[in-house]
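Notes for the structure review
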Amino acid sequence: MTVDTSRPAVHLRIGAERLTSGSGGTHQHLDPTTGRPDAEIPLAGRAEVDSAVETAHQAFGGWRGTPPAERRRLLLRLADLIEANTDEFARRGTLDNGTPLMVSGGFVPMSAEWTRYYAGWADKTSGDLTASFGNGGELGYTLAQPYGVIGVIITWNGPLISLAMKIPAALAAGNTVVVKPSELTPFCAELFADLVEEAGFPAGVVNILPGAPEAGAALVEHPLVQKVTFTGGPDTARKILVACAEQMKPAVLELGGKSANLIFEDADIATACTHGTFMSLATLSGQGCALPTRMLVQRSVYEQVVTTVTEVAKNITVGDPFDPATVSGPVINQAALDRILAVIEQAKVDGARLVTGGARLDGPLADGYFLEPTVFADVDPDSALAQNEVFGPVLAITPFDTEEEAVQIANNSRYGLSAYVQTNDLRRAHRVAEALTSGEVLVNGAANLAVHRPFGGTGISGFGKEGGRQGIEEFLRVKSVGIA
């Protein structure tokens with residue numbers, strides 16, 4: 001089968017306009033499988049951001065007044081279109097960042113489901129009656145109202161699902177959006193903008209502008225942007241918070257993670273090893289914020305787990321992301337590759353035991369940004385490898401003796417996005433889930449990013465929620481009304 005690897009044109013989408021250039025210049029997109037340039041991406045600058053925010057602001061009044069049933073209909077239509085374009089979204093996801101086709105294709109039904117879920121919330125947001133005293137007393141109630149223009153900034157590792165986790169909820173609540181995708185991954189966002197238009201959303205409700213960090217700063221700082229939702233790293237988030245503080249502007253921050261995966265001796269060891277290894281090393285080549293990159297193993301089964309994980313890691317198929325057999329592709333760019341290799345070298349210096357991997361792949365993949373799936377055992381819980389997010393295919397394994405020690409090691413982190421527990425003891429599962437400092441706890445293979453569950457972290461993993469009822473409440477502010 002011949003695979004279409006042609007790169008689609010990318011535009012700056014402001015209202016009904018499709019701009020082929022912007023004041024931010026251009027970005028040379030690199031194919032991470034070869035390291036070679038494959039497209040020139042136009043970038044928004046402050047002028048285009050100003051124009052897009054003003055356009056979204058002008059569209060807000062009409063969109064806010066749109067009957068909720070019509071907002072629901074448009075979002076359901078968008079979900080259908082996303083699903084109808086599964087193959088093209090999968091192709092573009094692979095072109096964006098080298099995610100294997102079999103993985104990028106899986107993000108499409110997830111994105112359609114997130115869109116449908118929030119379509120269902122469009123006519124279900126309501127206020128509360130707070131007091132009704134009668135006889136000359138007061139009637140009190142609350143109104144749940146949209147903010148206005150929402151600034152949306154997404155990262156590069158999951159470009160389609162990031163759009164679906166933010167935009168539908170904001171729109172269902174009655175807001176308009178200006179979206180800045182990463183300049184590294186613009187292709188899925190272009191198709192998403194096409195489908196918003198095809199679904200029949202009014203011009204200006206959704207505006208999508210690829211841009212560099214300068215465009216993101218302009219978006220955050222804009223006085224007409226009423227709230228910011230950002231997915232990315234803590235360093236950028238700190239800058240966003242400083243900018244938001246100037247205007248007392250709220251933000252949702254979905255940041256990094258160093259998620260612990262606690263494997264107890266009574267777990268299904270084979271299943272736990274397969275799940276934990278693939279999730280940490282193969283999924284997005286380890287470039288995921290919620291992946292279980294710290295594996296904590298009860299000492300009685302420790303060497304068994306290390307041996308099994310090593311064999312699973314050695315059998316992960318790394319290669320051409322358009323090959324249907326490939327489950328793990330390249331990392332995003334040379335800078336990421338160099339950073340991850342430096343982490344690996346430091347882990348060796350710190351005394352961790354390298355059991356497999358640790359090198360850049362050569363041969364036919366030598367020009368791309370490919371790394372061997374890498375596993376370290378005997379990792380000190382206080383070491384750099386255990387404490388810092390790697391964002392690459394590197395797994396750290398650490399032993400523990402007791403449940404209390406496992407929880408202590410798991411909570412010994414500045415991050416708090418996700419945690420994983422493997423046990424067949426239901427009481428232990430509940431105890432440990434209660435004790436872990438984390439935004440979510442997934443037991444025995446429970447799925448990440450379930451739309452009906454709120455997702456979001458603590459500590460330097462950020463704050464605010466995406467998913468569930470809490471996900472739409474992030475885009476509504478409550479006004480109190482009292483009538484004497």
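Considering the overall build of the chain
Across its full length, the chain holds 16 helices and 22 strands. Rg of the C-alpha trace for the chain: 23 Å, near the compact-globule value of 23 Å for 484 residues, within the 12% margin. Along the first, second and third principal axes, the C-alpha atoms of the chain reach 70 × 60 × 40 Å. For the chain, buried positions account for 57% of its 484 residues. Taking the intrachain contacts of the chain between residues at least 6 apart in sequence as the baseline, contacts between residues at least 24 apart amount to 73%. Just so you have it, the chain exposes about 18,800 Å², and 53% of that area is on carbon and sulfur atoms. When the 37 basic and 55 acidic side-chain charges of the chain are each reduced to a single mean position, those positions are 5 Å apart.

Regarding the state of the cysteines
Applying the stated criterion across every chain yields a total of zero disulfides. For C289, which is in no disulfide, the shortest distance to another cysteine sulfur is to C188 and amounts to 17 Å.

Observations concerning a nonpolar patch on the surface
A cluster of nonpolar residues, L129, L139 and I483, forms a patch on the protein surface that exposes about 270 Å² of accessible area. Looking at where I483 falls in the secondary structure, it is placed in strand β22 (residues 476-483). I483 gets classed as partly exposed once you look at its relative accessible area, which sits at 41%.

What about the sheet that holds β22?
Strand order in the open sheet formed by three strands is β5-β6-β22, and the pairing between neighbours is antiparallel. Each having just a single partner strand, β5 (129-132) and β22 make up the two edges of the open sheet. Between one strand and the next, the sheet's axes are offset by a mean angle of 20°, whatever the strand orientation. Relative to strand β6 (residues 139-146), β5 runs antiparallel, the two sharing three bridges. Its bridge partner lying in β6, L129 is registered against Y141.

Describing the nonpolar core
Membership of the largest hydrophobic core comes to 59 residues, with the highest contact counts inside it found for F89, L171, V177, F192 and F201. Looking at this core, the elements that each hand over two or more residues are α1 (46-64), α2 (68-84), α5 (107-119), β7 (149-153), α6 (159-172), β8 (176-180), α7 (187-199) and β9 (206-208). Residue contributions to this core peak at ten residues, all from α6. Excluding residues within four positions of it along the chain, V177 makes contact with A56, I150, V152, I167, A170, L171, V205, V206 and N207.

Description of α5
Taking 1.5 Å as the rise per residue, α5 with 13 residues should run 18 Å; its terminal C-alpha atoms sit 18 Å apart, in good agreement. Within α5, the full set of buried residues consists of F107, V108, S111, A112, W114, T115, Y118 and A119. Axial view of α5: buried residues confined to an arc of 160°, hence all on one face. Where the residues of α5 are buried, they touch α2, α3 (86-97), α4 (101-104), α6 and α16 (468-473).

Side note on the pattern of salt bridges
Per the stated rule, a full pass over the model turns up 28 salt bridges. Across the pair R46 and E221 runs a salt bridge whose closest N-O atoms are separated by 3.4 Å. Of this pair, R46 sits in helix α1 while E221 sits in helix α8 (residues 213-221), placing them 175 residues apart in sequence. With relative accessibility at 45%, the residue R46 sits in the partly exposed group. Of the residues examined, E221 reaches a relative accessible area of 36% and is grouped as partly exposed.

With respect to the packing of aromatic side chains
This structure, assessed with the given rule, holds five aromatic pairs. When the centroid spacing of 5.7 Å and the interplanar angle of 45° are considered together, the rings of W63 and F201 count as tilted. Separated by 138 residues along the polypeptide, W63 in helix α1 and F201 in the loop between α7 and β9 bring together distant segments of the chain. Considering the side-chain rings of W114 and Y118, the 6.3 Å spacing of their centres and the 40° angle between planes classify their relative orientation as tilted. Residue W114 and its partner Y118 are located together in helix α5, separated by four residues, close to a single helical turn. Each member of the pair W114 and Y118 is classed as buried.

Considerations on the pairing of strand β4 (residues 36-42)
Both strand β3 (residues 26-31) and β4 contribute to a ladder of six bridges, which runs antiparallel. Bridge pairing links L30 to P37 in β4. In this structure, the hairpin formed by β3 and β4 is closed by a connection of four residues, where G35 is found at a positive phi of approximately 75°.

Cut-off values and rules
- Residues numbered from 1 in each chain as written.
- Predicted model: local features only at pLDDT ≥ 70, side-chain atom pairs only at ≥ 80, totals over all residues.
- Heavy atoms only, no water.
- Helix = DSSP H or I, 4+ residues; strand = E, 2+ residues; numbered from the N terminus.
- Rg over C-alpha atoms; globule rule 2.2 N^0.38 Å.
- Buried < 20%, exposed > 50% of the residue type's maximum accessible area, 1.4 Å probe, protein only.
- Contact = heavy atoms within 4.5 Å.
- Areas by Shrake-Rupley, 256 points an atom, 1.4 Å probe, with all protein chains shown as cover.
- Lys, Arg positive; Asp, Glu negative; His and termini not counted.
- Charge placed at Lys NZ, Arg CZ, Asp CG, Glu CD.
- Disulfide = S-S within 2.5 Å.
- Patch = residues over 30% accessible without salt bridge, like charges linked within 9 Å, V, L, I, M, F, W, Y side chains within 5 Å.
- Salt bridge = Lys/Arg side-chain N within 4 Å of Asp/Glu carboxyl O.
- Pairing = 2+ DSSP bridges.
- Axes fitted to C-alpha atoms, helices over the stretch in contact; angles between N-to-C directions.
- Core = buried A, V, L, I, M, F, W, Y, C linked by side-chain atoms within 4.5 Å.
- Expected span 1.5 Å × (residues − 1).
- Arc of directions from axis to C-beta.
- Phe/Tyr/Trp six-rings, centres within 6.5 Å; stacked < 30°, edge-to-face > 60°.

All we've got here are geometric facts, nothing functional implied.
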